[in-house]
Amino acid sequence: MVVVVASPSPLSLLPSSYSLSFPFPAAFVLLGRRRLRCRPFDSAAASGEPPTGHLGAISRRLVSITKNPSLRAMGDEVASTSAPPLEEAPNTEGDKTGSVKQLLSKLVKSSLRATFPDLLDIEPLVAASVKFGDYQCNNAMSLWSRIKGSGTNFKNPNSIGQAVARNLPPSDIIESTSVAGPGFVNIILSNRWVSERIHDMLINGIKNWAPALPVKRAVIDFSSPNIAKEMHVGHLRSTIIGDTLARMFEFSNVEVLRRNHVGDWGTQFGMLIEYLFEKFPNWEDVGTQAIGDLQEFYKASKKRFDDDPAFMERAQQAVVKLQGGEAKYRDAWKKICEISRNEFDQVYQRLNVVLEEKGESFYNPYIPSVLEELTSKGLVKESDGARVIFIEGQTIPLIVVKRDGGYNYASTDLAALWYRLNVEKAEWIIYVTDVGQQQHFDMFFSAARMAGWLPDPGEKMFPKTSHVGFGLVLGSDGKRFRTRSSEVVRLGELLDEAKARSKAELVQRLNENGKIGEWTDEELEKTSEAVGYGAVKYADLKNNRLTNYTFSFDQMLNDKGNTAVYLLYAHARICSIIRKSNKDIEELKTIGSISLNHPDERVLGLHLIRFAEIVEEACTNLLPNVLCEYLYNLSEIFTRFYTSCQVVGSPEETSRLLLCQATAVVMRKCFHLLGITPVYKL
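Residues numbered from 1 in each chain as written. Predicted model: local features only at pLDDT ≥ 70, side-chain atom pairs only at ≥ 80, totals over all residues. Heavy atoms only, no water.

Across the chain, pLDDT averages 85, with 84% of residues at or above 70. In this model residues 1–94 is a low-confidence stretch, pLDDT under 50, and it forms 343 contacts with partners more than four residues away in sequence or in other chains. (pLDDT = per-residue confidence, 0-100. Contact = heavy atoms within 4.5 Å.)

Structure below.
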C-alpha cells in the first residue's frame, strides 16, 4: 500500500520574518535525489540550550555529543562501525533492551570505569567473535599505549585485559571469560540467557529486539523522479535502498520522515506547457487525453524546443509566466504534475513503498532569503555573471544563481537544508543518490558548514548530513542497463517481466511435483508477485550499494545461492516443518522452553540474538547489504541445524520447533525491512 501525502503550499508556510523558534532539533535521512523531513525531537532541552528565533542563530545551533552522549554521532558522510556508547549500567541482570552488543558494552564500560577511574573518555570496544568466544572486548592494547610509562601498575596489555575481565559486574548474560594474547577478553554467553532471550522474543514480539540508535528522528530523501519523465531502472536503486533504510530506522524506534523530492520545477515546464497549448488549445476540456503517454509527450516537446527557435522563445516566456503565478500556466503545470504523480504512484504501490512528496517547488519560495543570509555572511560572490560560493579544495565554485538569474540544484538544496534544519529540526539528513553526484554533495555540505549550519565532521556533533551513494545498474554487456533499442528500461515494464518470469517458474515447479491442483489462481498471482518483486529488490540490496551490479533475471530468479527465491523458499520450508508437526506453536510458547545443548542449536541461537546489532550496523553505516548477508547466513545456519538435529518426533521436539519458529520470525522481519513479502507455501 502506498500513501502519498500532499504538502501545503510553500508560500503559506514561508515565515515572513524568519523569526522561528523551535525547541526540537530533528533528523533527516535523505535518499534519492531528494530529501525527507523529520518531526521534532527535543534535543534542545537535552543539550541545555534555549530555543532560538532568528534564522542565523538557529542555523548555528549544534547538539554536542559531549552534552548528550545518547546523541553521539556516527560520523559525517561515512559512519563509524562501532556501536554507539550507552549509559553506564553496573548490572544488566534481566535486562533485555538493546542489542546483545549494547548490553555487553554496558558491562564492559562499567568494568573500564572501575579499572581506570581517571580515564573517563574510554568507550568499550566490543565485537562479535567466532574463534575464541562469542564476543570479545578489545580495549587493552589501546589502553596500554596510553598508560605505559606513566607509573602504572599494569605490566602489559594482557594484565589490563585480566583486570577488565575481573571487574566485569555479575550478570546472567556471561557464562565465562578468558584473556588471550595482548589482552583480548573473550566472552562466552550463558546458554540459559540466550535461550531465554529467544523465548522472550517469541512471547513478546521481535520489536523488543529493536536496537537503540543515537537519533530520535530521521529524514529519508529517496526515489525523487522528475515530473514528466517516466520512472526507469535508475530510480529503482534509490527507491529500494531508501525504503529499506527507512524501514530499518523505523524498526529501531526512529521517527522517519520519508520524502520524495521530485523535480517539479524548472525551465522544462515552459517547454511542456507551451507544447500543450500549441497542440491542444482547449486542453482543459480534453483533460488527461491531451497528453496521453507523458514520456512521448516530453520527447515531442523537447524535439520542438530544439528544432524551432521561435518555439524556444515562447517556452522561455512560459517559464516566466509560470514562475510569476499566472493562473493559466499554473493550472497546466498542476495537470502535468498530476499525471506524473499518478504514474509514479502505480510503481510505488507495486513496490509497497510509502513516500511524502516535497518537491523542488516547495522550497523555491525559501531560496531568496537563504541566499540573502549566505550573502550577508560573505559566502556568495560574483563570478562571470553568476553568483557562486567558492569551496576550499574544489577547482570549481558552487553556483547558486545562474547568469540568467535562475536558480539551480544548489540553490534549491541549500533552501531545503535550511528548511529541514530550522523548521523540521532534523538531526541527521541523508541523501541517497547515485555516486555521480558525490562532488555536488561534498560542495553543498561544505557550503553549509561554512555558513555555520553544520558542525565540522571531525567534531562528531549534530546536526549532520550524509550522502548515500550507489553505483549503476548494468546490462549483460557491462554497459548501462537499456532495452535493445537503447531506450532506458521503464520500471513498470521491468516489474511486469519479473512477475511473469516468476509465475512461469512457479507453475513449472508445481506441475513437475504434481501440486498445481493445490493452488488457487489468487495464490499463484500473489506468490509470483512476491517472489518476482522480491527477487528484483534483493538482487539490488545484497550488493554493497557503492558498486555497480549487473541486472540478470536468470540470476535473481535462481532458487539456489544467495537469492530472494532461495530465501523465500527456505522460509516456506520452515513453515512447512512447523505445520507438519501438528503442534500448536502458540501453546508451545507458553508451556515449552528452548535448550541449546547441541552445537548446531547453539550456533543458530547465537545468530538469532545477533539480529539487533546487525540492524544497528546496517543503520549506522547505511548499508542494507549487511542485513542481506545476515539473512542468507541465517538460512545456511538453519539448514545445518535441521540436517544434524531431528525436529519432529525427537525428544527435543518442543525446543527445536520453537527454534524453527524463532528463525521464521527473524526471517520475516528481515524480509519486512528489505521490503519483501514472505512466502508461506511451496
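Text resumes after the structure shown.
Membership of the largest hydrophobic core comes to 164 residues, with the highest contact counts inside it found for L104, L189, F249, L494, F611 and V666. Looking at this core element by element, the count peaks at 12 residues for helix α26 (residues 653–673). If sequence neighbours within four positions are ignored, L104 has contacts with V126, Y135, I173, I174, I187 and L189. (Core = buried A, V, L, I, M, F, W, Y, C linked by side-chain atoms within 4.5 Å. Buried < 20%, exposed > 50% of the residue type's maximum accessible area, 1.4 Å probe, protein only. Helix = DSSP H or I, 4+ residues; strand = E, 2+ residues; numbered from the N terminus.)

Our focus in this paragraph is the packing of aromatic side chains. Where two aromatic rings form a pair, the distance of their centres and the angle of their planes describe that pair. All told, the structure shown has 26 aromatic pairs when counted by the stated rule. Ring centres of W265 and W333 lie 5.2 Å apart, and the angle between their planes is 85°; on these two criteria the pair is classed as edge-to-face. Taken together, the residues span a long stretch of sequence, with W265 in the loop between β8 (255–260) and α9 (268–279) and W333 in helix α13 (residues 327–351) at a distance of 68 residues. As far as the burial class goes, W265 and W333 line up, both buried. Aromatic pair F551 and F553: ring centres 5.0 Å apart, planes at 85°, arrangement edge-to-face. For the pair F551 and F553, a shared accessibility class is recorded, and that class is buried. These aromatic residues form a ring-pair network of at least three members: F362, Y363, Y366, W418 and Y419. Taking NZ or CZ as reference, R330 lies 5.7 Å from the ring centre of W333, over its face. The residue whose ring lies beneath R610 is Y135, and the NZ or CZ to ring-centre distance is 4.9 Å. (Phe/Tyr/Trp six-rings, centres within 6.5 Å; stacked < 30°, edge-to-face > 60°. Lys NZ or Arg CZ within 6 Å of the ring centre and 35° of its normal.)

Now for the side chain of E427. Looking at the secondary structure, you find E427 in the loop between α16 (409–422) and β13 (428–434). Among buried charged residues, E427 stands out as having no salt bridge; its nearest opposite-charge side chain is R217, 6.7 Å away. Among the polar contacts made by the side chain of E427, one reaches the main-chain amide nitrogen of R217 at a distance of 3.3 Å. (Lys, Arg positive; Asp, Glu negative; His and termini not counted. Salt bridge = Lys/Arg side-chain N within 4 Å of Asp/Glu carboxyl O. Polar contact = N/O pair within 3.5 Å; in protein donor to acceptor, adjacent residues only side chain to side chain.)

Here we take up the sheet that holds strand β10 (residues 380–383). Two orientations exist for strands paired in a sheet by backbone hydrogen bonds: parallel and antiparallel. An order of β10-β11-β12 is seen for the 3 strands of this open sheet, with the pairing classed as antiparallel. Edge positions in the sheet fall to β10 and β12 (398–401), since each has one partner strand and no second. Taken over all neighbouring pairs, the strand axes of this sheet differ in orientation by 45° on average, direction set aside. Where β10 meets strand β11 (residues 386–389), 4 bridges bridge the pair, whose relative direction is antiparallel. (Pairing = 2+ DSSP bridges. Axes fitted to C-alpha atoms, helices over the stretch in contact; angles between N-to-C directions.)

Strand β7 (residues 217–221) sits mainly inside the fold: 5 of its 5 residues count as buried. Side-chain alternation along β7 places R217, V219 and D221 on one buried face and A218 and I220 on a second face that is also buried. At this point the chain moves from β7, through helix α8 (residues 233–251), to the parallel β8, and the crossover so formed is right-handed. Across 4 bridges, the pairing between β7 and β13 is parallel. Across the sheet, residue I220 finds its bridge partner in β13, namely I430. (Right-handed = clockwise from strand over helix to strand, strands pointing away.)

All right, on to the pattern of salt bridges then. Tallied over the entire structure, the rule returns 38 salt bridges. Note that D308 is salt-bridged to R304, the shortest N-O span being 2.4 Å. The exposure class of R304 is partly exposed, given its relative accessible area of 25%. Taken together, the shared-partner salt bridges in this structure form one network comprising E274, E278, R304, D308 and R314.

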